[in-house]
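So the chains spell out like this:
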Amino acid sequence: MNILGENVIIASEKNIFSLTNKYYSYVFCVGGNGILEHIYYGAPLTDPINSFSHHYKTHRDGVLHFQGKKNYNLSEIPQEYPTFGSTDFRFPAFHCKNKDGNTISVLKYKEHFIISDKKLLNGLPSARGGKCNTLIVRLEDNLHKIEVDLAYTIYENHGVLVRSSKIKNHGNKKLELRNIYSSSIDFPASQYKILHLHGSWSREFSEETMSVPMGRFVIDSNRGSSSAAHSPFIALCEDQCNEVSGNVYSSSLIYSGNHSISVEKGEFNNIRLLTGINPFNFNWSLSPGESFQSPEAVHAFSKNGLRGMSHIWHSFIREKIAPINFKNKPRPTYINTWESSYFKVNQEEVLNLADKAVSIGLEMVVLDDGWFEGRNDDSSSLGDWYADSNRFPDGIQDLAIKIKNKGLKFGIWVEPEMINTRSELYKKNPDWVLMAPGRISSLGRNQLILDYCNEDVVNYIFDKLDKLLSGGNIDYIKWDMNRNMSEVGSPKVAKQKQLEVPHRYILGLYSILSRLTKKYPNVLFENCASGGNRLDLGMLSYMSQSWPSDMSDPIGRLKIINGCSYLFPLDVLSAYIGPSPNHQNGRITSVSSRFNAGAFCAAQGVSLNYSDIDKNKGELTDLVNFAKEHSSDMIGGNFYRLKKSDNVFCWQYITKDYEKVFLLYFHILSGPNKPFEHIKFVGLEKNSDYLQVCNDKLYSGNLLMENGFTLPYVSMTDDNNKVSYMPKGDFSSKLFVFKKV
Ligand code: GLA
């Protein structure tokens, strides 16, 4: 028996493997024919190995008998890494064309290793190790000499399992890899629901819940980015599972390109969850001696419903994914030039805005799009990363110094993966873009995508950004990416390897991000892709925060944050007070509602023009002060979705030291004489009292949790200031702070 650390991985002589910590057990074994059979995933078992040394298995009278073994039909056997051409007709985790021209593979157990800790993947972002163990099970297709290493990492203090697969070609002929899923989990037949997050520009992270249908339900991307259409995340909720109770099995991928997460309900109602690179339009040729590493899939199991699941993800992302440098650092409050000035930025304008920022107490100026040579609108100049000589005659470094002299930090927007045909860079290097021979390249926002499969391109862009940052005056970079891939092809990649382009592109992107973030560890990077078109665990490995959406209207924003919060801690999100009427949907809302919707996001800002700032100076100053006072509170605490209906959002947040509690109540449409609504707090100390800061009223923790708190209501009187009244009108909100005494 092989036991490591905190009894986390056990491999018995009978080749039963158990990964067990205080959150879950994951058990599988080597079946009679050498096939890796899945046994159990769920709440921790007390004696996982022995409970399953004779695990319950019935076989129906099979029509097909795998390799002659009577009634052993792989269509009904739960497996760890299923292949095609066995007797399993479900979608396989592994599908590869061999030298004989067929795609039949039989992967059998060869050996296994247990290593303490966890290795980082080469060339791909991956979860950090620390207090974890990794089991590597090596499988082999003996006929074609294909070796597959399945890696499983279990942490002592996290309810997640990290999986990946690595394929090695030990044969003497090329292989063509098609499906290389990072992970496959077969669940027993039961009733499950799927929660997933979908959307589009300005309405990212919309929630959909549905029963698992017969057949195959797939969320995926073939756009070159993980996309807002289908965020790489699925939660499989068992039976009666809800926000606070029940088993949830969820999955995401540390990857920013074309992903695929599928749930298949087979003919015997058994469920297969596959997580990995999208096999559609993917073909990787693997020459003898070469290997292919999949990205890491992360699975979070919770027996405490969706809330429990979210807390597992939040803590894991903070501890093992998000860059360490900004882990516990409060984010600076900021003004962003985008919705205040759009492309009409120039030195004078930015310096004036900086003065406005100072006047309301903000800490950083972010110069968004429009600062580089010739960029007067979105039709030109991407690729030419030097300051526009007319509008910024003294250059960016000088501007940054002037801004710093006002006591502010300075940040800047870049879109380094893109190029306009109207640019100096394109004139010099028309073949530096993704394109297909003989095809007209479709433009997206007038731009093409640089070919990050080409090392020269990656190095060129690295040098440009390095030059920008090496001046030492830039504190923050907003890294944007504003279009999807259409005519996917690289002039640099051989014809036979064109289907490798999307993945090679992502590897190029990761290489530049890894070099830059290593070289500039103190620069705060923000991830943006027209908002949330590439918000995933891959990008979050390099960038401490993300702009989840261009939707700055508070009602739109609430839904987006609610959706995001299933997976991401709000520490990694940024928000700002945008204009009203809102530029995306025209809605008119109060300044406080625009602030409140994003109040629990770690990064808080403003994107307003001078006159809006002047008009609302007093209120903005108060809100910025509030944001600054609580900026470290908004890192590392627990977020609770207390209520969400068509008309109401109510969220609670407790700081990581449990000293402060925030309650946000938002109603969309106002209504008179409504019944009182109570909300029960969660996670308080029942023997402590909590002081409501706005009126010094004391509440017992016990009562707030058991009896609840009466939410403010719309009163007919004019006294809007009363704590128990909701501000009159639609789209109004109240944010309460309680301090433990
Ligand atoms: C994208 C981003 C915006 C802004 C613009 C600038 O749409 O999401 O926040 O930076 O680009 O062009």
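Residues numbered from 1 in each chain as written. Predicted model: local features only at pLDDT ≥ 70, side-chain atom pairs only at ≥ 80, totals over all residues. Heavy atoms only, no water.

Bringing the overall build of the protein into the picture now. Broken down by element type, the protein carries 14 helices and 39 strands. In summary, the protein has a C-alpha radius of gyration of 27 Å against a globular reference of 27 Å for 741 residues, a match within 12%. Viewed in the frame of its principal axes, the protein has a C-alpha envelope of about 80 × 70 × 40 Å. Carbon and sulfur atoms form 49% of the exposed surface of the protein, whose accessible area is close to 27500 Å². The average position of the 82 basic charges and that of the 79 acidic charges among the side chains of the protein differ by 2 Å. (Helix = DSSP H or I, 4+ residues; strand = E, 2+ residues; numbered from the N terminus. Rg over C-alpha atoms; globule rule 2.2 N^0.38 Å. Areas by Shrake-Rupley, 256 points an atom, 1.4 Å probe, with all protein chains shown as cover. Lys, Arg positive; Asp, Glu negative; His and termini not counted. Charge placed at Lys NZ, Arg CZ, Asp CG, Glu CD.)

For the rest of this paragraph, the subject is the site of the ligand. As a matter of local geometry, the ligand sits amid 13 residues, with D368, D369, R445, K478 and D550 nearest to it. Between the ligand and D369 there is a distance of 2.6 Å, counted from an oxygen atom to a side-chain nitrogen or oxygen. Residue W413 places a side-chain N or O atom 3.1 Å away from an oxygen atom belonging to the ligand. Expressed as a share of its isolated accessible area of 300 Å², the protein-covered part of the ligand is 96%. (Near = heavy atom within 4 Å. Polar contact = N/O pair within 3.5 Å; in protein donor to acceptor, adjacent residues only side chain to side chain.)

Turning our attention to helix α7 (residues 455-470). The terminal C-alpha atoms of α7 lie 21 Å apart, and with 16 residues this matches the ideal 22 Å at 1.5 Å per residue to within 8%. Of all the positions in α7, only V457, V458, I461, F462, L465, D466, L468 and L469 are classed as buried. For α7, the angular spread of buried residues about the axis comes to 165°, placing them on one side. Within α7, the exposed residues directed more than 90 degrees away from the buried face are K467 and S470. In this fold, the buried residues of α7 make contact with α5 (395-405), β24 (409-414), β27 (476-479), α8 (501-519) and β28 (524-527). For α7, the N-terminal capping position is held by N454, with its side-chain oxygen 2.9 Å away from the main-chain nitrogen of D456. One or two residues past the end of α7 sits G472, with phi positive at roughly 80°. (Expected span 1.5 Å × (residues − 1). Buried < 20%, exposed > 50% of the residue type's maximum accessible area, 1.4 Å probe, protein only. Arc of directions from axis to C-beta. Contact = heavy atoms within 4.5 Å.)

Here we take up the pairing of strand β33 (residues 648-654). Of all seven residues that make up β33, seven are buried, and the element is covered over most of its length. Of the two faces of β33, both are covered, the one formed by V648, C650, Q652 and I654 as well as the one formed by F649, W651 and Y653. As paired elements, strand β32 (residues 638-644) and β33 share six bridges and run antiparallel to each other. Within β33, the residue paired with N638 across the bridge is I654. Connecting the antiparallel pair β32 and β33 is a turn made up of three residues. Pairing between β33 and strand β34 (residues 660-667): seven bridges, direction antiparallel. Bridging from a neighbouring strand, F649 pairs with F666 of β34. Hairpin connection, β33 to β34: the antiparallel pair is bridged by five residues, and Y658 has positive phi, about 65°. (Pairing = 2+ DSSP bridges.)

On to the domain arrangement of the protein. Along its sequence, the protein is carved into domain 1 (9-321), domain 2 (334-571) and domain 3 (640-740). With eight residues of domain 2 at the contact, the number on the domain 3 side is eight residues. In terms of surface lost to domain 3, no three residues of domain 2 exceed I555, L558 and N562, which account for 65% of the buried area on that side. Remark: the boundary between domain 2 and domain 3 carries zero salt bridges. Across the domain 2-domain 3 interface, the total number found is two residue pairs in polar contact (both at pLDDT 80 or more). (Domains from an automatic or database assignment. Buried area = accessible area lost by both parts, 1.4 Å probe. Salt bridge = Lys/Arg side-chain N within 4 Å of Asp/Glu carboxyl O.)

A few words on the sheet that holds β28. One open sheet holds the eight strands; their spatial order is β29-β28-β27-β24-β23-β22-β31-β30, and the pairing between them is parallel. Sheet topology places β29 (545-546) and β30 (574-577) at the edges, where each strand pairs with a single neighbour. The pairing of β28 with β29 spans two bridges and is classified as parallel. Across the sheet, residue E526 finds its bridge partner in β29, namely Q545.

Here we take up a nonpolar patch on the surface. Together, V63, L64 and F89 make up a nonpolar patch on the protein surface, roughly 340 Å² of accessible area in all. Counting through the fold element by element, L64 comes out in the loop between α1 (48-51) and β6 (94-97). Taking relative accessible area as the criterion, L64 reaches 35% and is therefore assigned partly exposed. (Patch = residues over 30% accessible without salt bridge, like charges linked within 9 Å, V, L, I, M, F, W, Y side chains within 5 Å.)

This brings us to the environment of V160. Tracing the chain through its elements places V160 in strand β10 (residues 160-169). Each C-alpha atom, one on V160 and one on F301, is 6.5 Å from the other, the two residues being 141 residues apart in sequence. Setting aside its immediate chain neighbours within four residues, V160 contacts Y24, T153, I154, Y155, V298, H299, A300, I312 and F316.

Turning to the nonpolar core, a few remarks are in order. Core analysis: the largest hydrophobic core is formed by 188 residues, its most contacted members being W371 and F600. Considering every element that reaches this core, the biggest residue donor is α8, with eight residues. If near-sequence neighbours (up to four positions away) are discounted, W371 is found in contact with V345, W385, Y386, A387, D388, F392, I396, I412, W413, V414 and L468. One finds I654, F681, V682 and F738 within the second-largest nonpolar core, a separate group that totals 22 residues. (Core = buried A, V, L, I, M, F, W, Y, C linked by side-chain atoms within 4.5 Å.)

Relative to the helices and strands, N647 resides in the loop between β32 and β33. Separated by 23 residues in the primary sequence, N647 and S670 have C-alpha atoms spaced 8.8 Å apart.

Below, the discussion takes up the packing of aromatic side chains. This model, assessed by the stated rule, comprises 49 aromatic pairs. For the ring pair F17 and Y109, a centre distance of 6.3 Å and an interplane angle of 45° mean the geometry is tilted. Here the residue F17 occupies a position in strand β3 (residues 16-20), and Y109 occupies one in strand β7 (residues 108-116), the gap between them amounting to 92 residues. A connected cluster of aromatic rings, assembled from ring pairs, spans F17, Y24, Y26, F28, Y41, Y109, Y152, F187, Y192, Y249 and F301. Its end group placed over the ring of F731, R587 keeps NZ or CZ at 4.8 Å from the ring centre. (Phe/Tyr/Trp six-rings, centres within 6.5 Å; stacked < 30°, edge-to-face > 60°. Lys NZ or Arg CZ within 6 Å of the ring centre and 35° of its normal.)

What follows is about the packing of helix α4 (residues 347-359) against α5. The contact between α4 and α5 brings their axes to 10 Å, and the two run at 20°. By the angle class used here, α4 and α5 are roughly parallel. Here α4 and α5 pass one another in a crossing that is right-handed. Between α4 and α5, the contacting residues are Q347, V350, L351 and A354 on the first element and L399, K402 and I403 on the second. Its residues placed into classes, the contact of α4 with α5 shows five nonpolar, one polar and one charged. (Axes fitted to C-alpha atoms, helices over the stretch in contact; angles between N-to-C directions. Parallel < 35°, antiparallel > 145°, perpendicular 65-115°, else oblique. Left-handed = near helix turned anticlockwise from the far one by under 90°. Nonpolar A, V, L, I, M, F, W, Y, C, P; charged D, E, K, R; others polar.)

A few words on the sheet that holds β32. Read across the open sheet, the six strands follow the order β32-β33-β34-β39-β36-β37; overall the sheet is antiparallel. Because the sheet does not close on itself, it has two edges, and the strands there are β32 and β37 (697-700). Taking the axes of each pair of neighbouring strands and ignoring which way they run, one obtains an average angle of 25° across the sheet. In the packing of helix α10 (residues 554-564) onto the sheet, the strands contacted are β32, β33 and β34, and the crossing angle to β33 comes to about 55°.

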